[in-house]
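# Coordinates in review
As a plain string of letters, each chain reads:
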Amino acid sequence: MNTEQLEKAKKTYGYAMTITLKGNKLLVAKDGYITDNQTDITAKKKFGEFNGFFYQFTKKGYINELIAVIKAISEVEAVIA
């Protein structure tokens, strides 16, 4: 994860939830975290993968929030020629 992805997430969801970058993990409020390295996942049950990113959640109800943040950081911005 990098600061560009952090800024995209904050631009989209920063008003609604706290998003920070800690090492290679994008921490999303108290919902869990997102990473691009599967070895960062420590849970045996509460994790998943979406669009090439891995996430670990604290409660099952938080999966949608984590996936929404992944969608926001993985969107490719259109280049106008």
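Residues numbered from 1 in each chain as written. Predicted model: local features only at pLDDT ≥ 70, side-chain atom pairs only at ≥ 80, totals over all residues. Heavy atoms only, no water.

## So, helix α2 (residues 63-74)
Look at α2: 16 Å from first C-alpha to last across twelve residues, which is about the 16 Å you get at 1.5 Å a residue. Buried-residue contacts for α2 involve α1 (3-13), β2 (25-28), β3 (32-35), β4 (47-50) and β5 (53-57). (Helix = DSSP H or I, 4+ residues; strand = E, 2+ residues; numbered from the N terminus. Expected span 1.5 Å × (residues − 1). Contact = heavy atoms within 4.5 Å.)

## So, the nonpolar core
Leu26, Ile34, Tyr55, Val69 and Ile73 are the most contacted members of the largest nonpolar core, which totals 17 residues. Elements with a contribution of two residues or more to this core: α1, β2, β5 and α2. Ranked by residue count, the leading element in this core is α2, at six residues. (Core = buried A, V, L, I, M, F, W, Y, C linked by side-chain atoms within 4.5 Å. Buried < 20%, exposed > 50% of the residue type's maximum accessible area, 1.4 Å probe, protein only.)

## So, the environment of threonine 35
As for its placement among the helices and strands, threonine 35 is situated in strand β3. Here the alpha-carbon distance between threonine 35 and leucine 6, two residues 29 residues apart in the chain, equals 11 Å. Setting aside chain neighbours within four positions, we find threonine 35 in contact with Met1, Asn24, Asp40, Ile41, Phe53 and Phe54. One polar contact links threonine 35 to aspartate 40, side chain to side chain, over a distance of 2.7 Å. (Polar contact = N/O pair within 3.5 Å; in protein donor to acceptor, adjacent residues only side chain to side chain.)

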